[in-house]
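A look at the structure
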Amino acid sequence: MRIDRIELQIIRLPLREPFRISSGTAHRRRILLLKLDAQGLRGYGECVAENEPYYSAETVTTARYVLECFLIPAVIGREFADAGALARALETRVRGHAMAKAAVEMAAWDLEAKLRDLPLARLLGGTRAAVPVGVSLGIQPALADLLERVQRYRAQGYRRIKLKIAPGWDVEVLRCVRERFPELPLTADANAAYDASEHARLKQLDEFGLLMLEQPFAADDLLAHARLQAELSTAVCLDESITSRARCAEALHLKSCRVVNIKPGRLGGHAAARAVHDLCQEAGVPVWCGGMLESGIGRAHNVALASLANFRYPGDISASDRYWERDVVDPPFALRADGTLAVPTGPGIGVRVDEDFLAAIQEERASFPPI
Ligand code: OSB
Ligand code: MG
């Protein structure tokens, strides 16, 4: 593939309801999209960086800067054998900035799949026609709001519910939800809100039969997670900590977790995500696909990746209507009665991107080379 033209576009998409996690509240998403043009076809990528550096160090602004000044100049006008070769070119010289890299890298996979007239899922090695999915529920104003939402999404068919927790919204909340829904597949995600000294409180979570406890401690504290996992019967799952294949290998070696959350947008793209998937598969460690409140573009990428064999728990890949009044892709992602999303079968990401709608909600746009 020869990259003729690249477009960056920042859009604003209002969430249907605010999403609150331990580190902050999102009312809307400001999303950086990247389009790669080659041979009359267009590949789409979505940067998962948020507006503020709360989940990770990267933001929309840092991603835009690194893309414009370093990553786009490294690929524009160049010929690559395939998306894997482009991924390797992004790895040389520029350190870090995995979310910025992922936006280009994932667009290249979509483009390669379209050039080869293959569904992205097939190109990545996916084996499933549909992927089981759950819902991630933010911290609510009151317990009644939470119970109502658990009930509603359960009734829609979602396969598991994840509750965001933080000190002050944890043991009592989980006890209530567990009492009301004794059989519900349930997980909890702390987004690094706990201090390593809070073992005793986290140990109490063992009584609720959670499928896993996600990221209790700081991203770089693999040792604290290993110490907790040694004491907890609940499986620890790492999200923020898993920033590369090497980091994941360290976490497995230290026994910091028994489950891994894979987000291609956090790891630098599909090649790195697949490397983590394969590493975990060889180690007998199940993985599942996380989410970052993506638009339909990032969602399509996640669905394709989650069709690989070692994705063994429902993903944080809910239907479009769980997030948006109107999604940017057609058709939008819809939940099927069995709690799955269908893996698109058309070429590439397999959904049409609504460019008119993107233009209507656009905040900024830049073309390379400049028009
Ligand atoms: O930790 O998994 C997380 C959303 C934004 C940032 C971090 C996380 C999340 C979610 C939402 O849990 C998952 C989704 O996209 O539905
Ligand atoms: Mg998480």
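Whatever comes next refers back to the structure up there.
Residues numbered from 1 in each chain as written. Chains lettered and ligands numbered in written order. Predicted model: local features only at pLDDT ≥ 70, side-chain atom pairs only at ≥ 80, totals over all residues. Heavy atoms only, no water.

Some remarks on the coordination of the magnesium ion (ligand 2)
The protein atoms that coordinate the magnesium ion (ligand 2) are Asp189 (OD), Glu214 (OE) and Asp239 (OD), at distances spanning 2.1 to 2.3 Å. Coordination of the magnesium ion (ligand 2) draws on donor residues from a single chain, spaced D-x24-E-x24-D in sequence. Residue glutamate 214 is found in strand β8 (residues 213–214), and its partner aspartate 239 is found in the loop between β9 (236–238) and α9 (245–254); the two are separated by 25 residues along the sequence. Like aspartate 239, glutamate 214 is buried. (Donors = N, O, S within 2.8 Å, 3.2 Å for Na, K, Ca; no water. Helix = DSSP H or I, 4+ residues; strand = E, 2+ residues; numbered from the N terminus. Buried < 20%, exposed > 50% of the residue type's maximum accessible area, 1.4 Å probe, protein only.)

Things to note about the site of ligand 1
Taken together, 16 residues form the shell around ligand 1, and within it Ser136, Lys164, Asn191, Leu293 and Tyr323 come nearest. In the model, an oxygen atom of ligand 1 is placed 3.0 Å from a nitrogen or oxygen of the serine 136 side chain. One nitrogen or oxygen atom from the side chain of aspartate 189 is found 3.0 Å from an oxygen atom belonging to ligand 1. Contact with the protein chains hides 99% of the accessible area of ligand 1, taken as 390 Å² for the molecule alone. (Near = heavy atom within 4 Å. Polar contact = N/O pair within 3.5 Å; in protein donor to acceptor, adjacent residues only side chain to side chain. Areas by Shrake-Rupley, 256 points an atom, 1.4 Å probe, with all protein chains shown as cover.)

A word on the packing of aromatic side chains
By the definition in use, this model includes three aromatic pairs. Each ring, one from tyrosine 153 and one from tyrosine 158, has its centre 5.9 Å from the other, and the planes form 70°; the classification is edge-to-face. Of the two residues, tyrosine 153 and tyrosine 158, neither departs from the other in class, the shared state being buried. The ring of tyrosine 153 is capped by arginine 152, whose NZ or CZ atom sits 5.3 Å from the centre of that ring. Over the ring of phenylalanine 357 we find arginine 326, and its NZ or CZ is 3.9 Å from the ring centre. (Phe/Tyr/Trp six-rings, centres within 6.5 Å; stacked < 30°, edge-to-face > 60°. Lys NZ or Arg CZ within 6 Å of the ring centre and 35° of its normal.)

Here we look at the sheet that holds strand β3 (residues 41–47)
Sheet architecture is open: four strands sit in the order β3-β2-β1-β15, paired in antiparallel fashion. Each end of this open sheet is capped by a strand with a single partner; those strands are β3 and β15 (362–368). Across the sheet, the mean angle separating the axes of adjacent strands is 25° when strand polarity is ignored. Examined bridge by bridge, strand β2 (residues 24–38) and β3 share seven bridges and lie antiparallel to one another. The residue bridging leucine 36 from the neighbouring strand is glycine 43, located in β3. Packed on one face of the sheet, helix α1 (residues 60–75) meets β1 (5–21), β2, β3 and β15 and runs near 155° to β1. (Pairing = 2+ DSSP bridges. Axes fitted to C-alpha atoms, helices over the stretch in contact; angles between N-to-C directions. Contact = heavy atoms within 4.5 Å.)

A look at the pairing of β1
Bridge count for β1 against β2 is 13 bridges, and the pairing is antiparallel. Among the inter-strand pairings, phenylalanine 19 is bridged to a residue of β2, identified as alanine 26. Taken together, the six bridges between β1 and β15 define a ladder with antiparallel strand orientation. By the bridge assignment, leucine 8 is partnered in β15 with alanine 366.

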